[in-house]
Amino acid sequence: MERVAVIDGESPRCPLVRKTYYDPGEVNGGSLTRLVSWRRSLDPAVRADLDTWSAWPRSVVIDGDRAIGTLMSEVPTAYSEPVQLPSGTEASVLNELQFLMAPPELLAKRRRRVLALEQRLAVLGALASAMSFLHEHDIAVGDVSTKNCLWNDADSVASVFLVDCDAVRLLGTVPAVVQANTPGWNDPAFPGGLNHQSDVYKFALTVLRTITQRFHERDPAAASGLVDRPIATLLRASLTADVEARPALRSWAAVLGSEALPSRS
Amino acid sequence: MPVGEAYQHSGADEVEGGFVMPFYLVCDLSASMRQGGRIRALQDALASLRDAFFLNPVVSDCARLCVIGFSNRARVVLPLCDLADAEDLPRLEPEGLTNFAPAFHVLRETIQTDAELLRADGLRVWRPMVFVFSDGAPTDDPEHWRRALESLHDPMWPARPDIVSFGVGEAVHEVLAEIATLRCYVSPDPDFAAGAIASVGDLVVRSVVASGSSGEPVLPDRPPEGFDELDIL
């Protein structure tokens, strides 16, 4: 029998879902517990804010002495849309980044709204703020791709919600689960480990692909003429092989016009 | 969860412009597929695949799927396309024998023709990934289908596909292992054939979605539910 250990000892304010790992041998229970503990260590207001933009692991599910899963908050309904599939089935579809960066003709076929460039950049600003906050707490996101960030821009207020947060890594520790490195999003400078610098590279790929509306673009020159110089400059600097020259995500948050989240002080 | 195992093909031409990842689903449509809801499971799997394309513009952007059916003969029942664009899915009608040679001939010709067309459109073309499934033993001359299979496996053919094979129902496992170049999965329980076909469909969906999201062909590393993995001969 399984039992659920609620490590942070607080009652959840939103519905929680349980993620059970296919192979518990692939989970590092210590690292997973550290992620749960890190959230608990935050100032209550900051923690409440984190919960609005991430499905952060709340508790570790254990069986005997092994971690086999985690509890995390359910994705808020604002980050999904009802869709009728070609088969006739009604489904709720998560607002993944692919619906922000897709070419307009593919969105039109799906009766999805195409956001103006300014609106798309506002969503990326929210993502930059979220990632910047994690960086300033010594956390590397790892697998930034079309699937791991949800977005919403209802009433012209851009926001994001990060999922699969059990795969982030506290710097200086091993990740709780293997950090996926989606091939089309790989940073050539870091074929193995994932860190702050590879996060910056992948964030810049997200920006480039969202600006150009091309899923697989890697050349920063493709954005020239589409955005102002500060963004073009940051793109080039973030996608360079010279990893030391890559800017901090806080620079991205500033240029994209989003308010910075509280940093560790 | 990303569970994929990525492998890099070397067949994508260095041409400016977009790229295409072709997938081929080669389906046994012999008379035995009439049993136990098998054909219905296959038809449902096709519908799920179309939903997956629709749900994922990132897949529509670069993945294309073609369906080939075989029995006495073989034919393309759905030409290579963005499945989200397919208004009507083909109605699959089982009949006749399980002749493998025509299936391999039609597959080779179709892959070659499709690759030439796509390249003429200025697209880079990945080497295809082929999913072959059968629920029975080959009914044609082993020499014939082995010769046709050799031409599919030909290492000198630039468009040679990576092949994943699935054996369900009364399939001969050794034959499926001979066809595969990447993985061979067999379902040991003949009474589970319809469920096994649904599992095949699920694996194809996961592979296509992971490939589209990654920009490279990806095959999930776990067998489909109810299947065992066989060593490839």
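Residues numbered from 1 in each chain as written. Chains lettered and ligands numbered in written order. Predicted model: local features only at pLDDT ≥ 70, side-chain atom pairs only at ≥ 80, totals over all residues. Heavy atoms only, no water.

**Student:** So what's going on with the overall build of chain A? Which residues, and what values?
**Tutor:** When you go through chain A residue by residue, the secondary structure sums to eight helices and 10 strands. For chain A, whose C-alpha radius of gyration is 19 Å, the value lies close to the compact-globule estimate of 18 Å for 265 residues. With the C-alpha coordinates of chain A rotated into their principal frame, the extents come out at 60 × 50 × 35 Å. Residues counted as buried form 52% of the 265 residues belonging to chain A. Carbon and sulfur atoms provide 53% of the accessible area of chain A, an area that totals close to 11,800 Å². (Helix = DSSP H or I, 4+ residues; strand = E, 2+ residues; numbered from the N terminus. Rg over C-alpha atoms; globule rule 2.2 N^0.38 Å. Buried < 20%, exposed > 50% of the residue type's maximum accessible area, 1.4 Å probe, protein only. Areas by Shrake-Rupley, 256 points an atom, 1.4 Å probe, with all protein chains shown as cover.)

**Student:** Explain the overall build of chain B to me, and be specific about the residues and the numbers.
**Tutor:** Of regular secondary structure, chain B possesses six helices and 10 strands. The principal-axis extent of the C-alpha atoms belonging to chain B is close to 50 × 35 × 35 Å. The buried share among the 233 residues of chain B stands at 58%. Here the analysis covers contacts within chain B between residues at least 6 apart in sequence; of these, 79% occur between residues at least 24 apart. Summing over all exposed atoms, chain B offers an accessible surface of approximately 9,400 Å²; the carbon and sulfur share of this is 49%. Side-chain charges of chain B comprise 18 positive and 37 negative groups, with the mean position of each set lying 2 Å from the other. (Contact = heavy atoms within 4.5 Å. Lys, Arg positive; Asp, Glu negative; His and termini not counted. Charge placed at Lys NZ, Arg CZ, Asp CG, Glu CD.)

**Student:** Can you break down the interface of chain A and chain B residue by residue, with the values?
**Tutor:** Chain A puts 26 residues into the contact, and the matching count from chain B is 25 residues. A combined buried area of about 2,200 Å² lies between chain A and chain B, and 63% of that area is made up of carbon and sulfur atoms. Across the contact surface, chain A and chain B share one salt bridge. The salt bridge partner of A:Lys109 is B:Asp85, with a shortest N-O separation of 3.1 Å. Here chain A is connected to chain B by nine residue pairs in polar contact (both at pLDDT 80 or more). Elements represented by at least two residues in the side of chain A that touches chain B include exactly strand E5 (80–84), helix H3 (98–101) and helix H4 (104–109) of chain A. Here the side of chain A that touches chain B is composed, by residue class, of 13 nonpolar, seven polar and six charged. (Buried area = accessible area lost by both parts, 1.4 Å probe. Salt bridge = Lys/Arg side-chain N within 4 Å of Asp/Glu carboxyl O. Polar contact = N/O pair within 3.5 Å; in protein donor to acceptor, adjacent residues only side chain to side chain. Nonpolar A, V, L, I, M, F, W, Y, C, P; charged D, E, K, R; others polar.)

**Student:** Talk me through the packing of helix H3 (residues 100–120) of chain B against helix H4 (residues 142–153) of chain B; I want residue IDs and the actual numbers.
**Tutor:** All names here are of chain B. Relative orientation of the contacting elements H3 and H4 amounts to 20°, with a least axis distance of 8 Å. Comparing their axes, H4 and H3 come out roughly parallel. Classified by chirality, the crossing of H4 by H3 is left-handed. Mapping the contact onto sequence places Phe100, Ala101, Phe104, His105, Leu107 and Arg108 in H3 and His144, Trp145, Ala148, Leu149, Ser151 and Leu152 in H4. Residues belonging to the contact of H3 with H4 are distributed by class as follows: eight nonpolar, three polar and one charged. (Axes fitted to C-alpha atoms, helices over the stretch in contact; angles between N-to-C directions. Parallel < 35°, antiparallel > 145°, perpendicular 65-115°, else oblique. Left-handed = near helix turned anticlockwise from the far one by under 90°.)

**Student:** Could you give an account of the pairing of E5(A), with specific residues and numbers?
**Tutor:** All names here are of chain A. Here E5 runs beside strand E6 (residues 90–94); their pairing, made up of five bridges, is antiparallel. Residue pairing across strands places serine 80 opposite leucine 94, the latter belonging to E6. Counted between consecutive antiparallel strands, the loop separating E5 from E6 contains five residues, among which glycine 88 sits at a positive phi close to 100°. (Pairing = 2+ DSSP bridges.)

**Student:** Give me the lowdown on unusual backbone geometry, citing residues and values where you can.
**Tutor:** Residues and elements named next belong to chain A. With phi around 55°, aspartate 164 is a residue other than glycine that occupies positive phi space. Examined against the element boundaries, aspartate 164 turns out to sit in the loop between strand E9 (159–162) and strand E10 (169–170). The exposure class of aspartate 164 is partly exposed, given its relative accessible area of 24%. Despite not being glycine, glutamine 213 shows a phi value in the positive range, around 55°.

**Student:** Quick one: what's the story with the packing of aromatic side chains, residue by residue and with numbers?
**Tutor:** Aromatic rings in a pair are described by how distant their centres are and how their planes are angled relative to each other. Overall, the coordinates contain 13 aromatic pairs over all chains when judged by the stated rule. Plain terms: the ring middles of A:Phe203 and A:Trp252 are 5.4 Å apart, the flat faces sit at 70° to each other, and that makes the pair edge-to-face. In this pair, A:Phe203 is assigned in helix H6 (residues 196–212) and A:Trp252 in helix H8 (residues 249–255), connecting sequence segments 49 residues apart. In this structure A:Phe203 comes out as buried when scored by relative accessible area, which is 0%. The class of A:Trp252 is buried, set by a relative accessible area of 0%. Ring geometry for B:Phe100 against B:Trp145: centres 6.0 Å apart, planes inclined by 55°, an arrangement best described as tilted. One end of the pair, B:Phe100, is in helix H3; the other, B:Trp145, is in helix H4, with 45 residues separating them in the sequence. Of the two residues examined, B:Phe100 and B:Trp145, each falls in the buried class. Three or more aromatic residues joined by ring pairs make a cluster, and in this case those are B:Phe23, B:Phe131, B:Phe166, B:Tyr185 and B:Phe227. Between the NZ or CZ atom of A:Arg112 and the centre of the ring of A:Phe99, over which it lies, the distance is 3.9 Å. (Phe/Tyr/Trp six-rings, centres within 6.5 Å; stacked < 30°, edge-to-face > 60°. Lys NZ or Arg CZ within 6 Å of the ring centre and 35° of its normal.)

**Student:** Residue-level account of helix H5 (residues 117–136) of chain A, with values.
**Tutor:** All names here are of chain A. Compared with an ideal rise of 1.5 Å per residue, which puts 20 residues at 28 Å, H5 spans 28 Å between its outermost C-alpha atoms and is within 8% of the ideal. With 15 of 20 residues buried, H5 is to be regarded as a mostly interior element. Taken from the residues just after H5, aspartate 138 is the one with a positive phi, measuring 60°. (Expected span 1.5 Å × (residues − 1).)

**Student:** Any details on the nonpolar core? Residues and values, ideally.
**Tutor:** Formed by 105 residues in total, the largest nonpolar core has its most connected members in A:Phe203, A:Leu235, A:Trp252, B:Leu49 and B:Phe131. In terms of residue count, the dominant contributor to this core is H5(A) (10 residues). With near-sequence residues (within four places) excluded, A:Leu235 lies in contact with A:Ala204, A:Val207, A:Leu208, A:Ile211, A:Pro220, A:Ala223 and A:Trp252. Core analysis: the second largest hydrophobic core is formed by 34 residues, B:Val130, B:Leu152, B:Val175 and B:Ile179 among them. (Core = buried A, V, L, I, M, F, W, Y, C linked by side-chain atoms within 4.5 Å.)

**Student:** With reference to specific residues and values, describe the side chain of A:Gln213.
**Tutor:** On the secondary structure map, A:Gln213 appears in the loop between H6 and helix H7 (229–238). What A:Gln213 contacts, discounting residues up to four positions off in sequence, is A:Met101, A:Ala102, A:Pro103, A:Pro104, A:Val114 and A:Arg120.

**Student:** I'd like a rundown of the pattern of salt bridges, residues and numbers included.
**Tutor:** Going through the model one piece at a time under the given rule, you end up with 20 salt bridges over all chains. Residues B:Arg38 and B:Glu170 are paired through a salt bridge, measuring 3.2 Å at the closest nitrogen-oxygen approach. Taken as a pair, B:Arg38 in helix H1 (residues 38–55) and B:Glu170 in the loop between strand E7 (162–167) and helix H5 (173–179) lie far apart in primary sequence, 132 residues in all. Of the residues examined, B:Glu170 reaches a relative accessible area of 39% and is grouped as partly exposed. Each of A:Lys19, A:Asp164 and A:Asp166 takes part in one network of salt bridges that share partners.

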